[in-house]
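In case you want the letters, here they are:
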Amino acid sequence: METNRELFEAYNKDVYRTCYYMVHDSADAEDLTQDVFITVFRTNRENVEHMKAWIMKITVNHCLNHLKRKRTLQQKITDNLHFFHKTVETPVEQQIEQRETEGEWAQYMSRLPIKLRMVIALRYMHDFSLAEISDLLSIPLGTTKSRLHKGLTVMRNILQEAGVQIELKEGESFEKVRKYAGASFK
């Protein structure tokens, strides 16, 4: 069995990345990462077969609990995102630089409803199969598939609104979106 230090070193980046993409705040993501590992370290893990899946399930649950606590504020922000868009003209160089950051990808992801965001994050950030995602989120496989499809459709619309013309479908096309967004999911 792995020591606490080995577990932390092996999975801390995946846990942080998942937290960050779910809560969109680096300080909250750091706090949640610590909470996840405190939970992992305090739990008897002798019978855990798939360590990464187990840790990611704990991560998702911590993030969901965090988001539930902040739901009212988050919903108000999501409903009024149009008030936060800048209308100030920025230089072309700065626009290109901004498009190459993960921050932009996180902004696009934040516009997705949390249920869709979770499925997309687990599928494309951590390469979980649809069946694994279904188990992690305790939802039927059909629901997982429909949330993934709807999430990709909503993401396509978000990208088109942002002026990105890209065909977004399950599989290979999504790699184009990852490259465009500059998101290093691996």
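Predicted model, so just to flag it, every value in this text is computed and none were measured.

1. Re the confidence of the model for the chain
Confidence in the prediction for the chain averages 79 pLDDT; 70% of positions are at 70 or higher. Of all helices and strands in the chain, the one with the weakest mean pLDDT is helix α10 (residues 172-181) (48), whereas helix α2 (residues 26-42) scores best (94). A low-confidence stretch, residues 178-186 (pLDDT under 50), is modelled with 28 contacts involving residues beyond four sequence positions or located in other chains.

2. Considerations on the side chain of Ser 110
The residue Ser 110 is located in helix α6 (residues 102-110) in this model. Not counting residues up to four positions away in its chain, the partners in contact with Ser 110 are His 24 and Arg 117.

3. Some words on unusual backbone geometry
The backbone phi angle of Asp 127 is positive, close to 55 degrees, even though this residue is not glycine. Counting through the fold element by element, Asp 127 comes out in the loop between α7 (114-125) and α8 (130-137). Its identity is not glycine, yet Ser 138 carries a phi of approximately 55 degrees, on the positive side. Considering the arrangement of structural elements, one finds Ser 138 in the loop between α8 and α9 (141-161). For Ser 138, a relative accessible area of 58% puts it in the exposed group.

4. Section: the packing of aromatic side chains
Counted under the stated rule, the structure contains four aromatic pairs. Geometrically, the ring pair formed by Phe 8 and Phe 37 is edge-to-face, given 5.0 Å between the ring centres and 70 degrees between the ring planes. Of the two residues, Phe 8 is situated in helix α1 (residues 4-23) and Phe 37 in helix α2; the sequence distance between them amounts to 29 residues. Judged by centre distance (5.8 Å) and plane angle (80 degrees), the ring pair of Tyr 20 and Tyr 21 falls under edge-to-face.

What counts, and at which threshold
- Residues numbered from 1 in each chain as written.
- Predicted model: local features only at pLDDT ≥ 70, side-chain atom pairs only at ≥ 80, totals over all residues.
- Heavy atoms only, no water.
- pLDDT = per-residue confidence, 0-100.
- Helix = DSSP H or I, 4+ residues; strand = E, 2+ residues; numbered from the N terminus.
- Contact = heavy atoms within 4.5 Å.
- Buried < 20%, exposed > 50% of the residue type's maximum accessible area, 1.4 Å probe, protein only.
- Phe/Tyr/Trp six-rings, centres within 6.5 Å; stacked < 30°, edge-to-face > 60°.

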